[in-house]
Structure formats: C-alpha cells, structure tokens
Amino acid sequence: MSLANYSRADVALHNKDGDAWIIIDSAVYNVSDFAELHPGGEKELLRFAGKDATDVFYSLHRQEVLRRFSKLRIGQIAGEKPAIVQAEIGTMSTVPWAENPAWMGFRSQYYKESHFRLREYMRKYVEEKVIPEALICEETGRRVSDELWKDMAKNNIHPMRLGPGPWLKGLKLPGDVKPEEFDYFHEAVIHEEYARAACRGFADGVGGGFVIGLPPVLRFGQPALQQRIAPAVLAGDKFIALAISEPYAGSDVAGIQCRAEKRGDHYIVNGVKKWITNGTFADYFSTAVLTDKGMTMLLIERGEGVTTKPIKTSYSPTAGTALVFFEDVKVPVANVLGKENQGFQVYNFNHERWVMAVGSLRGTRLVLEECFKWATQRRVFGKPLIDQPVIRQKLASMVAQIESTQQYLDFLTFQMSSMDYSEASKKLGGPLALLKYQCTRVAHHVADEAVQIFGGRALTKTGMGRIIEGFQRTYKFDAILGGSEEILADLAVRQALKTFPNARL
C-alpha cells in the first residue's frame, strides 16, 4: 500500500481524542484507535497528538516498537526524509565499535571472503528466525521449538557449531563455505550471531549442551556408538548434554563422586550431577564418572534409573539447567568415550571455554552499542547524556577493554585454526583459560558501567534497558560455568610455570 504525503499543518489538525496523528522521524502515524491501548495511558499519548513526537518517542521506546506497530503508519511528511538510521534485518551496525573491526572496514589478516558471506547469512538467519523465538522462550521458559531446532539442522548449522572436523565432510554449508576451508573463525561467527539475541538463557538452551556434549562422542566414541548417536543429534531429533559438575565438585573436576562399577560388559552408575545445561530435555549425557583407577567418560542414555529435575537459576529455564540423578543405571562398556580411567584426556574444556569467551565478548560489545545509542538520545539537564565528560570516559574505558580483548581472542582463534587437536590441547589450555578470564572481567566492568549509564532502566526487564538488564543479571554465568575466574587464572599461571626457565633478575 502506497503512503500519502502530508504537511505538518495537515497533521496538526488531528489533535484530539478519536482523531489523533503524530509524527515520528518524518513518518505520520494515526494513533486514534491505539490511544486507549497505549501502555502509558491515553491522555499521555494525546498530549502529543498533532505534533512531532520523535524526541519523546525515542526517550521512551526502542525502535523495534515502530516495526511492531507499522500498520499504524499512514503517510510521510512531504519533502522530508528520515533523519534516524533504521535498523534493517541482516545489516551490520554502523555505530562506532558495535562490530568486530573486520566488519567495519578495517583490514584483517584473519577474515576472508567466506567469513563475510557466512556472517551475512547468519545475521539474517538469527534476526529473522532465532531472535523472535528467543524472546518468547526467555520469558516463558519453554525450550527451543522442534521447528527451529530442526531448521538449524536442515541448514547444517549444528555441525558448524562443533568447529572444523570430519563431521562437515560432504555438507553444503551456509554462505557457500566449503567444508575444507571451514575454520574456527567461521565457527566464531555463528556463536557471535547467537549472542546478539541478548537472551542468555536461550543462548544455552538452543544447544549449549550439544556444543559441549557431542564432541567427546565424535572424537573418542567407538565407531558403532558414533553412528548410533551422532546422526540423530545432528539431525535435530535428539538432544545431548555434558554432565561433569556435581553438588560435590564444580571447577574441581577431580573431586567428582559419581561412580561406575564395572560388572562384566556393563557399568552400574550411581551419583548426582548438578547445573547440567539442557539436562531437563537431554536424551544423552556425556558423563564423567569415577572408575577403579581414575576418571572415565561414559555416554549415558536417558532410560531406567536416569531422572532429571530443573534447577531455578538467575537466567531463564529455557536453558534446561538440571539436577541429573543416576540410580543403578546400566551402561554398556562400549559406551566408554576414550579409554577407561583416562577421562581427563577426553575432555579438556578448551573448546568450551573458547565458545564461552566468544559469546561473552560479543554480548559485551552489544551492550557497548546500546550504551552509545542511549547516551546520544537520552537528554538530561537540558542536553544529551553524551555531553557529560564522565559518560564519555565510561564509554572509552569500555571500548579499550573490548577491543584489546578482541585482538587476544582473534590471536588464539588463529592458533586453534593452525594447530591439530593434539598440539592445541598441549599448548592452549593456559592461554584459553586466561582468555575466558579476561572476557568475563571485561564483562564485569562493562556491566557495571552500563548500569550507571542507563540508570533505572538497567534494572527493568522490558523497554529501553531490556538488553542491559539481562546482561547485568546473567553475565556472571560465563564467569562460573566452564571453570570459575579464579581457577582459570591460576591454571594459566601454573601452566606457564611448567616451562619456566631457571631465570633470575
């Protein structure tokens, strides 16, 4: 439907109850029938009937509200063009520092054309299909729908989230990326785009357990086990989770008490796992257990003796965080991942910690973008918030920490892409632990500054501060899951000391 042209004088005539038009950034909206539904009250909206409400609108509402009520738009002010940038689905932000420098015109030795193509595909896919569902699931607590989960499988997004490997061979990948050229920078693109949904519970719910639970099967499971488990998971028919943490042991993995007693060609497993992501709906559990001479990784299938119970946390139940109980569970010896008593060689946390670092830093960058937008549109004491030197100082400190950490992340991603699994396991444990530590420290700083910039809106789950509120409430998950900050910082130094020379001042 074509839109009519009006003058500002035309709009001014529609200024009363039952006949109310407003102007927002040169667009004309008929809010006559909407007025009584207005969340702020009918009289408050009618105060601006017949007037330009651009400034007051953007002081109270996010731009997405205009898209939601686009049907109310009836025309345009003749001879005028919009002055405010309209965010289009699938496009890159032009707000300073809102994107990785490589996407903003800066040269990079890491990113090739295929990374840009994949970024373009994933940006549009996430904004069109993932974010709408993420917002619903984050609020209601329900798990990701079968429709979306299977659509991701159909588009081969699931195997790409596991990084480079034989599981990509022969697949047609989004962005026309060839399986043989797929590297960890491609994988990072996917995790970053999911992080932009700004729904931390859903980010884990939409396969967080799969990303860390399936690799042990693919890398260390017997061929028959791989062929039975992996296809169903990659096709979106089944869910898998990683089950290591317990009420008795978190970052101290060596302290687990879940036991597996070997009886012929089976183990009998008894124990409890806690804080298991996707545990409430997982069909399989890659599980750390104690055997006679050490720790062993087992693939345990949901069945007799396996029960789960949801855990209430500070992020959404859509993540499926669970207590998992194993009571006399019979597990075939053929379900051992790797070798018995050598479980620490099967799961070394490097990839998990890198994935969390990627998501954490991208979420932090999104908060920075929100702060820049708010600081330029919010007016206090008669002028924009950005005019306050203290606000510019806060933004500068956020930028400096994010951009420097981005370079460290890209450097280690390059190392991962350049090393085989064995070399990376040997050399990158300490550096990746330190990377995750740095990312969550930066998140802590940015969350603190963002709350001060947004004020009360940062404590409100809806409206202008929605993204800030969600971030400040949930950023600590990355500081705990996959190893707490203190444990990882200590690990990095201890790893370095193993090769410390006999040096003196």
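Residues numbered from 1 in each chain as written. Predicted model: local features only at pLDDT ≥ 70, side-chain atom pairs only at ≥ 80, totals over all residues. Heavy atoms only, no water.

What about the overall build of the chain?
Selection criterion: Secondary structure elements are defined from DSSP: runs of H or I of at least 4 residues count as helices, runs of E of at least 2 residues count as strands, and each element is numbered from the N terminus. Here the globule rule reads 2.2 Å times residues to the power 0.38, and the radius of gyration is calculated from C-alpha atoms. For every residue, the accessible area obtained with a 1.4 Å probe (protein chains only) is divided by the maximum for its type, and the residue is called buried under 20%, exposed over 50%, and partly exposed between those limits.
The number of helices and strands found in the chain is 20 helices and 15 strands. For 505 residues, the compact-globule estimate of 2.2 N^0.38 gives 23 Å, and the chain sits close to it at 26 Å. Seen through its principal axes, the chain has C-alpha atoms that stretch 90 × 60 × 40 Å. Burial status across the chain gives 54% buried among its 505 residues.

A word on helix α20 (residues 485-497)
Counted only if it meets this: Under the convention used throughout, the expected extent of a helix is 1.5 Å for every residue step, that is, one less than its residue count. By arc we mean the arc of the directions from the helix axis to the C-beta atoms, nothing more.
Compared with an ideal rise of 1.5 Å per residue, which puts 13 residues at 18 Å, α20 spans 19 Å between its outermost C-alpha atoms and is within 8% of the ideal. All of the buried residues in α20 are E485, L488, L491 and A492. One face of α20 carries all of its buried residues, which in axial projection span an arc of 125°. Away from its buried face, by an angle of more than 90 degrees, α20 presents the exposed residues E486 and L497.

Focus on the environment of T308
Basically, it comes down to this: Contact definition: two residues touch when any of their heavy atoms are within 4.5 Å. Polar contact is the term for a pair of N or O atoms within 3.5 Å; when the atoms are in protein, one must be able to donate a hydrogen and the other to accept it, and sequence-neighboring residues count only if both atoms are side-chain atoms.
Mapping T308 onto the fold places it in strand β11 (residues 306-310). Using a relative accessible area of 22% as the deciding quantity, one classes T308 as partly exposed. Residues T308 and R119 lie 189 residues apart in sequence; the distance between their C-alpha atoms is 37 Å. Look past the residues within four positions of T308 in its chain and what remains in contact with it is G279, T280, F285, R302, A322, L323 and V324. A polar side-chain atom of T308 sits 3.2 Å from a polar atom in the side chain of R302.

Considering the sheet that holds strand β2 (residues 15-16)
Paired through backbone hydrogen bonds, the strands of a sheet run either parallel or antiparallel to each other. Here is the rule we go by: Two strands form a pair only when DSSP identifies at least two bridges running between them.
Pairing is mixed across the open sheet formed by five strands, whose spatial order is β1-β5-β4-β3-β2. The open sheet is flanked by β1 (4-6) and β2, the only strands paired with a single partner. Note that β1 and strand β5 (residues 73-77) share three bridges and pair parallel. In the sheet register, N5 faces β5, and the bridge partner there is Q76.

What about the pairing of strand β7 (residues 259-263)?
Here five bridges tie β7 to strand β8 (residues 266-276), and the two strands are oriented antiparallel to one another. Across the sheet, residue R259 finds its bridge partner in β8, namely N270. Taken together, β7 and the strand that follows it, β8, pair antiparallel across an intervening segment of two residues, in which G264 is found at a positive phi of about 70°.

Side note on the pattern of salt bridges
Selection criterion: Take a side-chain nitrogen of Lys or Arg and a carboxyl oxygen of Asp or Glu: if they are within 4 Å of each other, that pair is a salt bridge.
Applying the stated criterion across every chain yields a total of 33 salt bridges. Between E127 and R196 there is a salt bridge, with its nearest N and O atoms 3.1 Å apart. A residue pair is termed long-range when its members are at least 10 positions apart, and E127 in helix α5 (residues 113-140) and R196 in the loop between α8 (184-195) and α9 (200-205) qualify at 69 residues. One exposure class covers both E127 and R196, and it is buried. Among the salt bridges present, the one from E340 reaches K262, with a minimum N-O distance of 3.8 Å. Remark: K262 occurs in strand β7 and E340 occurs in the loop between β13 (336-337) and α13 (343-346); sequence separation between them is 78 residues. Under the relative-accessibility criterion, E340 is labelled partly exposed at 26%. Taking the relative accessible area as the measure of exposure, K262 reaches 45% and is therefore partly exposed. In the salt-bridge network here, residues are joined through shared partners; they are E99, R119, R123, E127, E192, E193, R196 and R362.

Focus on the side chain of S286
You can see S286 is positioned in strand β9 (residues 284-291). In contact with S286, not counting residues within four places along its chain, are G213, P216, V217, I240, A241, L242, A243, M297, L298, L299 and L337.

Examining the nonpolar core
Stated precisely, the cut-off is as follows: We define the nonpolar core as a collection of buried residues of types Ala, Val, Leu, Ile, Met, Phe, Trp, Tyr and Cys that are connected through side-chain atoms lying within 4.5 Å of one another.
Counting 106 residues, the largest nonpolar core has Y194, F202, F210, L214, W354, L395 and I453 as its most contacted members. Once residues lying within four places of it in the same chain are set aside, the contact partners of Y194 are M122, Y125, V126, V130, M152, I157 and V206. Core analysis: the next-biggest nonpolar cluster, separate from the first, contains 19 residues, C258, V269, V329 and V331 among them.

Side note on the packing of aromatic side chains
Rules: We call Phe, Tyr and Trp rings a pair once their centres come within 6.5 Å, taking the six-membered ring for Trp, and we label the pair stacked below 30 degrees between planes, edge-to-face above 60, and tilted otherwise.
Using the criterion set out here, one finds 20 aromatic pairs in the structure. Their ring planes at 65° and their centres at 4.9 Å tell us that Y6 and W21 sit as a pair that is edge-to-face. With a gap of 15 residues between them, Y6 in strand β1 and W21 in strand β3 (residues 19-24) connect regions that are remote in the sequence. Across this residue pair, the class does not change: Y6 and W21 are buried. Judged by centre distance (3.8 Å) and plane angle (10°), the rings of Y315 and F477 are stacked. Within this pair, whereas Y315 is found in the loop between β11 and β12 (322-332), its partner F477 is found in helix α19 (residues 476-480), the two being separated by 162 residues in sequence.

Looking at the packing of helix α14 (residues 350-377) against helix α17 (residues 429-454)
Put simply, the rule reads: For every element, the axis is a line fit to its C-alpha atoms; helices are fit only across the contacting stretch, and the angle between N-to-C directions ranges from 0 to 180 degrees. Note on terminology: angles under 35 degrees are roughly parallel, angles over 145 are roughly antiparallel, angles of 65 to 115 are roughly perpendicular, and the others are oblique. By definition, any crossing whose near helix is turned counterclockwise from its far helix by less than a right angle is left-handed, and any crossing with a clockwise turn is right-handed. Residue polarity is assigned by list, with Asp, Glu, Lys and Arg as charged and Ala, Val, Leu, Ile, Met, Phe, Trp, Tyr, Cys and Pro as nonpolar; anything else, Gly included, falls into the polar class.
The geometry of α14 relative to α17 is characterised by a closest axis approach of 9 Å and an angle of 20° between their N-to-C directions. With respect to their mutual orientation, α14 and α17 come out roughly parallel. As for the relative orientation of α14 and α17, their crossing is left-handed in sense. Contacts between α14 and α17 involve N350, R353, W354, M356, A357, S360, L361, T364, V367, E370, C371 and W374 from the first element and G429, L432, L435, K436, C439, T440, V442, A443, V446, A450, I453 and F454 from the second. Residues belonging to the contact of α14 with α17 are distributed by class as follows: 16 nonpolar, five polar and three charged.

Notes on a nonpolar patch on the surface
Defined as follows: Each patch is built from residues lacking any salt bridge and having more than 30% relative accessible area; the joining distance is 9 Å for like charges and 5 Å for nonpolar side chains (Val, Leu, Ile, Met, Phe, Trp, Tyr). In short, Shrake-Rupley with a 1.4 Å probe defines the accessible areas, and a residue's cover is counted only from the protein chains shown.
On the surface, a cluster of nonpolar side chains totalling about 320 Å² of accessible area is made up of V493, L497 and F500. If you trace the backbone, L497 turns up in helix α20. By relative accessible area, which is 52% here, L497 ends up exposed.

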